[in-house]
Each structure stands twice: as C-alpha cells, then as structure tokens.
Amino acid sequence: MDFSLNEQQLELKDLTHQFAAKEMRPVAGEYDEKNEFPVEVMKKAFEVGFLTSGIPVEFGGTGFSTMDNVVVCEELGWGCSGMYTSMMANTLATTPIVLFGTEEQKKEFLTPLTREMSFACFGLTEREAGSDNSMIRTTAVKNGDHYIINGSKTFITNAGIAKLGVIFASTDPSRGARGLSAFIVPMDTPGVSVGKHENKMGHRASNTAEIYLDEVKIPATNLLKREGFGFIIAMKTLDFARPAVGAGAVGLARAAYEEALKYAQNRVQFGKPIASFQYNAFKLAEMITEIEGARLLVYRSAWMLDNNMKASKESAMAKVVATDVAMKVTTEAVQLMGGYGYMKEYPVEKMMRDAKLFQIYEGTNEIQKHVISLEILGSMKNIG
Ligand SMILES: Cc1cc2nc3c(=O)[nH]c(=O)nc-3n(C[C@H](O)[C@H](O)[C@H](O)COP(=O)(O)OP(=O)(O)OC[C@H]3O[C@@H](n4cnc5c(N)ncnc54)[C@H](O)[C@@H]3O)c2cc1C
C-alpha cells in the first residue's frame, strides 16, 4: 500500500497551496465581510485551471483525476471555504455531463466553459425537496423535439453567475425520485430567472440563489441519458463530489489547527505558553490526529473512484467524518484562542462559521449515515 502522492500530485499540491496563500487567504476576510463574490480571484483561478477541474482535457478542461482533485480541494479549502465552494460547484455541475453526456453534449456544453471564465450550477434542491428528492415538483414535459420545464430550485451555488445549469425535473411525477430526469439548461434560456444572493452564515464569498423556471423550452437533445435516469445521475455525481467536500473540510480544519497551534505556542498565561498545559497540548494532538484520519478516508474514496470501484459508502464516510472533524477542530481552535478567537480580526471565527455548511450541503451528514446504513443493511441482507 502506497500512501505517498506522486511527483505530479506533489507539484499540484504545492502550486495550489501557493495560489491559496497568495490569492485567497489575504482577501478571504474581506469578501466574507462584504458578502461578495470574488471575481478577481476567480479570474486567476480560471487561468490556473481550477474552474475546469472536472472537464476532461479533450474538451479543453484541466481533467483532474478524483485523487488530483482532492489534493487541490484540500489546499483551496485551506485558502477560503467560500471561494472553494464556487470553484467546486463547477465540477459538481459538469460531472453529470462528463459521466452521462454524449460526445455531442460534451462538445457543445463543456468546451465553451473552458474558453473564458464561466460558472455552472447543479440544480437538485427545492424548497420542499431537500433531503427527499421524491418531493421534487419541477416538471419537464416533452412536446415534440423539446421539453418545457416549470418549477424552481433553492440554495443553488453559482446560480446567479452560471452560464449553464444541470436541472433535475420530474418527467413522471407518479414515480417519485425514479421519475426524475436531468437536463442541461443554458441559463440565458427565456423563462429562466434567478433570485437574490442569499445572506449566509458562512461561505459568504460563494454565490447562492434560487432559480425559477417558467415555461422554459429546451431541445430534447439536452436530456442527459434518458427519462427516469435523473436520480441515478444525481447519486453517481454525489459519489464523486463527496470526497471533494471532505477534502475541502480537511483543508479548513488544517487551517484552523495551524492558527491554534501558532497561537497556543505564543500566548502566555500563568507564566507559560498555553500549549505547555497538557490539556491544550492533547487538544492539539487530537486535532491533528483527526485531521490526518479524515484525510485517509478522503484519499481512499478518491482512489476507489479512480479505480472504477463503487464507493458510495466510502465517499459518504469520508464526507461525514471530514466535515465533523472540521466542525470540531474549528470550534476547538476558537476555544483555544479564547476571546481573541471570537474576534473577526483572527481568521478562526470565520472558519468556524464556514465549517457548518460542510455538514449540510451535498447531502446532510444524517443523509450520509442513511447512505452508509443502506449499504451495510444491504450487505447484511445478502449474508442472511
Ligand atoms: C449554502 C448552500 C449551498 C447549497 N448548494 C446547493 C447546490 O449547488 N445544489 C443543490 O441542489 N443544493 C444545494 N444546497 C442544498 C443542500 O444540499 C440542502 O440544503 C441539503 O441537502 C438539506 O436539505 P434541506 O436544507 O431542505 O434540509 P431538510 O432535508 O429539510 O433537513 C432538515 C434536517 O432534517 C434532517 N433529515 C432529513 N431527512 C432525514 C432522515 N431521513 N433521517 C434523519 N434526518 C433527516 C437533515 O439531516 C437536517 O438535519 C445548498 C445548501 C446550502 C445551505
């Protein structure tokens, strides 16, 4: 078993870290405070290839493997979670096309995203359909050589800036989640409109908004795979996205740990650095141990996906463990830094707010446990 990254991945890690340290960290607090999308940072991220990570090289993208992508995501999460989220929402949105699109669909819809800074969005969630996809009320009705889509999507990352959306709609409401289909929807199609940029607790540099679809007419050729395949497309896409969420959370946890470590070594109380009190030293030891454990789960799930193995359970495990670790480590970092940790002048306050979203989006951590338990009970059933 080889735990080391190859030379190319080490270079990629180093390059991404430099990018995160130079372009993201210094402005992270400012964009968070202003609740503003960081266009200038994104332009540079596009130049380096972070906005097209998931698009294969033959269609003009960076074409990262899942393993390359998690290495990059950890560093981007270290830089700023909100900026990471906008960049990775592009990969989330392009993955259904990469996995299930025809050659024509890939050429038509992926290649333009690689020519200039562009964003895409993944539209699954609705107001009444969060964890429960069977409640999706957006419909797509076939009419000759096109579909008419009506409905709305909520909490969609990049919605307000996207050129393209992959929208999940029901083509057979009587079948619940099994009646879902996935459509590629150019966001400038008449009838598509977007709500206000949401005012969030964290990840404030990422754009989040509602999408409204009113008699949106799109060619039938924009259907991915076939009618009724939408749920499988969503679940397979999330299998690939969850290691990346885990990696972003590991990066965030590492950033908070580094801040806490530095502070604890320098802050003197009772005549000694606070890190010299064993209670605090053990806290730091626990933080780094849990971060490294989470990273191994992330790497394993990415490796399995790159080796064409089914990894629904392992991706869900990586996501739940890494994001819980991020919440715990950022909270502990604030605690270790006392009143200073609570102040906006220090970065851990933002990090603690940012950690929360990792436990909620791309399937809440309760839903990850549901995914894991289905796999366990399935295998128990097989044994029995
Ligand atoms: C900032 C942000 C960005 C997002 N970006 C996107 C995006 O780009 N695209 C997209 O499609 N969606 C996106 N989402 C939506 C996100 O995936 C959903 O918020 C999430 O899946 C939960 O859905 P919900 O908010 O409706 O909560 P609910 O499903 O209503 O859940 C509420 C609570 O009940 C729990 N719960 C629900 N069902 C069960 C169960 N069976 N067992 C145990 N507990 C349960 C949940 O875990 C949660 O704690 C985003 C959300 C946010 C906040």
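Residues numbered from 1 in each chain as written. Predicted model: local features only at pLDDT ≥ 70, side-chain atom pairs only at ≥ 80, totals over all residues. Heavy atoms only, no water.

(A) Expanded view of the packing of helix H4 (residues 81–100) against helix H6 (residues 230–266). Following both chains from N to C, one finds H4 and H6 inclined at 155 degrees, their axes separated by 9 Å at the closest point. For the element pair H4 / H6, the angle class is roughly antiparallel. Note that H4 runs across H6; the crossing there is right-handed. Mapping the contact onto sequence places Ser81, Tyr84, Leu92, Thr95, Pro96, Leu99 and Phe100 in H4 and Ile233, Lys236, Thr237, Leu238, Phe240, Ala241, Ala244, Val245, Gly248 and Leu252 in H6. Broken down by class, the residue content of the contact of H4 with H6 amounts to 12 nonpolar, four polar and one charged. (Axes fitted to C-alpha atoms, helices over the stretch in contact; angles between N-to-C directions. Helix = DSSP H or I, 4+ residues; strand = E, 2+ residues; numbered from the N terminus. Parallel < 35°, antiparallel > 145°, perpendicular 65-115°, else oblique. Left-handed = near helix turned anticlockwise from the far one by under 90°. Contact = heavy atoms within 4.5 Å. Nonpolar A, V, L, I, M, F, W, Y, C, P; charged D, E, K, R; others polar.)

(B) Region of the structure containing the domain arrangement of the protein chain. The assigned domain composition of the protein chain is domain 1 (7–115), domain 2 (120–228) and domain 3 (231–383). Taking only C-alpha atoms, the centre of domain 1 and the centre of domain 2 are 22 Å apart. Listed by partner, the interface residues are 24 residues for domain 1 and 24 residues for domain 2. Buried surface at the junction of domain 1 and domain 2, both sides included, amounts to about 2100 Å², of which 64% is carbon and sulfur. Summed over the three residues of domain 1 that lose the most area to domain 2, namely Asn35, Gln105 and Phe109, the buried surface amounts to 27% of that side. For the salt bridge of Asp32 with Arg204, the shortest nitrogen-to-oxygen distance reads 4.0 Å. If you look at where domain 1 meets domain 2, you find nine residue pairs in polar contact (both at pLDDT 80 or more). (Domains from an automatic or database assignment. Buried area = accessible area lost by both parts, 1.4 Å probe. Salt bridge = Lys/Arg side-chain N within 4 Å of Asp/Glu carboxyl O. Polar contact = N/O pair within 3.5 Å; in protein donor to acceptor, adjacent residues only side chain to side chain.)

(C) Structural detail: the nonpolar core. Within the largest apolar cluster, 66 residues are counted, with the highest numbers of intra-cluster contacts made by Met24, Leu76, Met83, Tyr84 and Met87. When residues of this core are traced back to their parent elements, those giving at least two are helix H1 (7–34), helix H2 (39–48), helix H3 (66–79), H4, H6, helix H7 (278–306), helix H8 (312–336) and helix H10 (348–358). The biggest single contributor to this core is H6, with 13 residues. Structurally, this core is a two-domain feature, drawing no fewer than three residues from each of domain 1 (7–115) and domain 3 (231–383). Apart from residues lying up to four places away in sequence, Tyr84 is in contact with Met24, Cys73, Leu76, Gly77, Ala244, Val245, Gly248, Phe358 and Tyr361. Judged by nonpolar contacts, the second largest core, of 26 residues, contains Phe59, Ala120, Leu164 and Leu238. (Core = buried A, V, L, I, M, F, W, Y, C linked by side-chain atoms within 4.5 Å. Buried < 20%, exposed > 50% of the residue type's maximum accessible area, 1.4 Å probe, protein only.)

(D) Highlighting a nonpolar patch on the surface. Together, Met1, Phe3 and Leu296 line one region of the surface with nonpolar side chains, adding up to about 430 Å² of accessible area. Looking at the secondary structure, you find Met1 in the segment before H1. (Patch = residues over 30% accessible without salt bridge, like charges linked within 9 Å, V, L, I, M, F, W, Y side chains within 5 Å. Areas by Shrake-Rupley, 256 points an atom, 1.4 Å probe, with all protein chains shown as cover.)

(E) Representation of the pairing of strand S5 (residues 180–186) in the model. Burial of S5 is extensive: six of the seven residues sit out of reach of the surface. Sheet topology places strand S4 (residues 164–170) next to S5; seven bridges connect them, and they run antiparallel. Residue pairing in the sheet places Ser170 in a bridge with Leu180 of S5. (Pairing = 2+ DSSP bridges.)

(F) Representation of unusual backbone geometry in the model. Positive phi, close to 75 degrees, is recorded for Asn158, a residue that is not glycine. Inspection of the secondary structure assignment puts Asn158 in the loop between strand S3 (146–157) and S4. Non-glycine residue Glu362 carries a positive phi angle of around 55 degrees. Note on Glu362: relative accessible area 17%, which makes it buried.

(G) Layout of the packing of aromatic side chains. One pass over the full model with this rule turns up 11 aromatic pairs. Among the aromatic residues, ring-to-ring pairing joins Tyr84, Phe358 and Tyr361 into one connected group. One Lys or Arg, Arg25, reaches over the ring of Trp78 and ends 4.0 Å from the middle of that ring. (Phe/Tyr/Trp six-rings, centres within 6.5 Å; stacked < 30°, edge-to-face > 60°. Lys NZ or Arg CZ within 6 Å of the ring centre and 35° of its normal.)

(H) Representation of the packing of H3 against H6 in the model. Two elements in contact, H3 and H6, have axes whose closest approach is 7 Å; the angle formed by their N-to-C orientations is 35 degrees. In this structure, the crossing between H3 and H6 has a hand that is right-handed. Taken together, the residues of H6 that come into contact with H3 (itself represented by Thr66, Asn69, Val70, Cys73, Glu74, Glu75, Gly77 and Trp78) are Phe240, Pro243, Ala244, Ala247, Gly248, Val250, Gly251, Leu252, Arg254, Ala255 and Glu258. Of the residues in the contact of H3 with H6, the class split is 10 nonpolar, five polar and four charged.

(I) Layout of the site of the ligand. Inspection of the region around the ligand gives 17 residues, with Phe122, Thr125, Ser131, Thr364 and Glu366 positioned closest. Contacts to the ligand include Leu124, whose backbone N or O atom sits 3.0 Å from an oxygen atom. In the complex, 64% of the free accessible area of the ligand, which totals 970 Å², lies under the protein chains. Of all the secondary-structure elements, those providing two or more residues to the shell around the ligand are S3 and helix H11 (365–383). For the shell around the ligand, the element with the highest residue contribution is S3, accounting for three residues. Split into classes, the residues belonging to the shell around the ligand amount to eight nonpolar, six polar and three charged. Residues lining the shell around the ligand come from more than one domain, with at least three contributed by each of domain 2 (120–228) and domain 3 (231–383). (Near = heavy atom within 4 Å.)

(J) Main features of H10. Among the 11 residues in H10, eight count as buried, and that is most of the element. Of all the residues in H10, the buried ones are Val348, Glu349, Lys350, Met351, Arg353, Asp354, Ala355 and Phe358.

(K) Broad picture of H3. Helix length check: H3 (14 residues) gives 20 Å between terminal C-alpha atoms against 20 Å at 1.5 Å per residue, within 8%. Burial analysis of H3 places 14 of its 14 residues in the buried class, which makes it a mostly covered element. (Expected span 1.5 Å × (residues − 1).)

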